[in-house]
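Each chain is listed here by its residues.
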Amino acid sequence: MGDLSKDINSKFANFKVKALLNIIYTANWISSRQSEAFKAYGISQQQYNVLRILRGANQPLKVQTIKDRMLERSPNATRLMDKLCAKHLIKRLPSEYDRRVVKIEITKQGLDLLDTIPSDLNKDLIENLSEAEAEQLSNLLDKMR
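Model, not experiment: these values are computed from the prediction.

### What to know about the layout of surface pockets
Here the largest pocket defines a volume of roughly 2300 Å³. As for the largest pocket, its lining consists of 49 residues, and the residues nearest its centre are Thr26, Trp29, Ile30, Ile126 and Leu137. Put simply, the parts of the chain that give the lining of the largest pocket at least two residues each are α1 (4–7), α2 (15–39), α3 (45–57) and α7 (131–144). Ranked by residues supplied to the lining of the largest pocket, first place goes to α2 with 14 residues. In terms of residue class, the lining of the largest pocket is made up of 23 nonpolar, 14 polar and 12 charged.

Following this line, the structure appears as structure tokens:
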């Protein structure tokens with residue numbers, strides 16, 4: 001098991017400081033591991049998140065709705081959508097009533113890509129936790145926010 005003190009060769013003023021730094025360190029570790037895992041599928045973590053949101057919605061969504069549901073809020077959602085459109089994983093559906101309104105729909109190609117990605121792709125990231133520990137961690141993180 002990891003030990004933040006050893007990993008970054010540092011001491012901490014107290015456990016609250018260590019916990020906060022450990023959360024940041026672990027978030028970066030997870031993000032790096034996920035980025036590497038999604039490379040094999042030609043998408044980023046954020047693109048995967050958008051595709052999952054659209055698949056789960058079962059209907060086209062406004063860009064703002066997608067942004068609101070994202071795990072990691074993307075400041076440049078338009079660019080993210082552009083990349084997914086270029087890969088033919090989503091398509092834009094302009095409103096016939098208001099040209100300012102555009103909805104986003106996942107394509108068959110997007111759905112097919114999601115089907116190739118294992119649902120437990122990142123299970124190794126939490127394999128050291130029991131179900132009870134995972135619940136406790138989740139509850140503590142919820143409490144923190």
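### Brief notes about the pairing of strand β3 (residues 102–106)
Here strand β1 (residues 61–62) runs beside β3; their pairing, made up of two bridges, is antiparallel. Opposite Lys62, over in β3, you have Lys103 as the bridge partner. In terms of strand pairing, strand β2 (residues 90–94) meets β3 through five bridges, oriented antiparallel. Residue pairing in the sheet places Leu93 in a bridge with Lys103 of β3.

### Brief notes about the sheet that holds β2
Two pairing modes exist for strands in a sheet, parallel and antiparallel, and in both the strands are linked by backbone hydrogen bonds. With antiparallel pairing, three strands are arranged side by side in an open sheet as β1-β3-β2. Across the chains shown, the open sheet's two edge strands, defined by having one partner strand only, are β1 and β2. Of the strands in this sheet, β2 and β3 touch helix α5 (residues 77–86), which is tilted by about 115 degrees from β2.

Parameters at a glance
- Along each chain, residue indices are assigned from 1 in the same order as the chain's sequence is written.
- For this predicted model, a pLDDT threshold of at least 70 governs which residues receive local features, and a threshold of 80 or more governs which side-chain atom pairs are given and counted, while totals over whole chains, interfaces and linings are taken from all residues.
- Side-chain numbers come from the whole structure's heavy atoms, not from hydrogens or water.
- Put plainly, a pocket is an open set of points on a 1 Å grid over the protein atoms alone with protein on both sides within 12 Å along at least five of seven lines, a cavity is a set where a 1.4 Å probe fits but cannot get out, and a lining residue has an atom within 4 Å of a point.
- Grid points are joined across faces, edges and corners, and a volume is the space filled by probe spheres set on the points.
- In this text, helices come from DSSP runs of H or I with a minimum length of four residues, and strands from runs of E with a minimum of two, each type numbered from the N-terminal end.
- Only Asp, Glu, Lys and Arg are considered charged, only Ala, Val, Leu, Ile, Met, Phe, Trp, Tyr, Cys and Pro nonpolar, and every remaining residue, Gly among them, polar.
- One bridge is not enough; two strands pair if DSSP finds at least two bridges between them.
- A contact between two residues is defined here by any heavy atoms of the two lying within 4.5 Å.
- Each axis is a line fitted through C-alpha atoms, and for a helix only the stretch in contact is used; angles between axes span 0 to 180 degrees, taken between their N-to-C directions.

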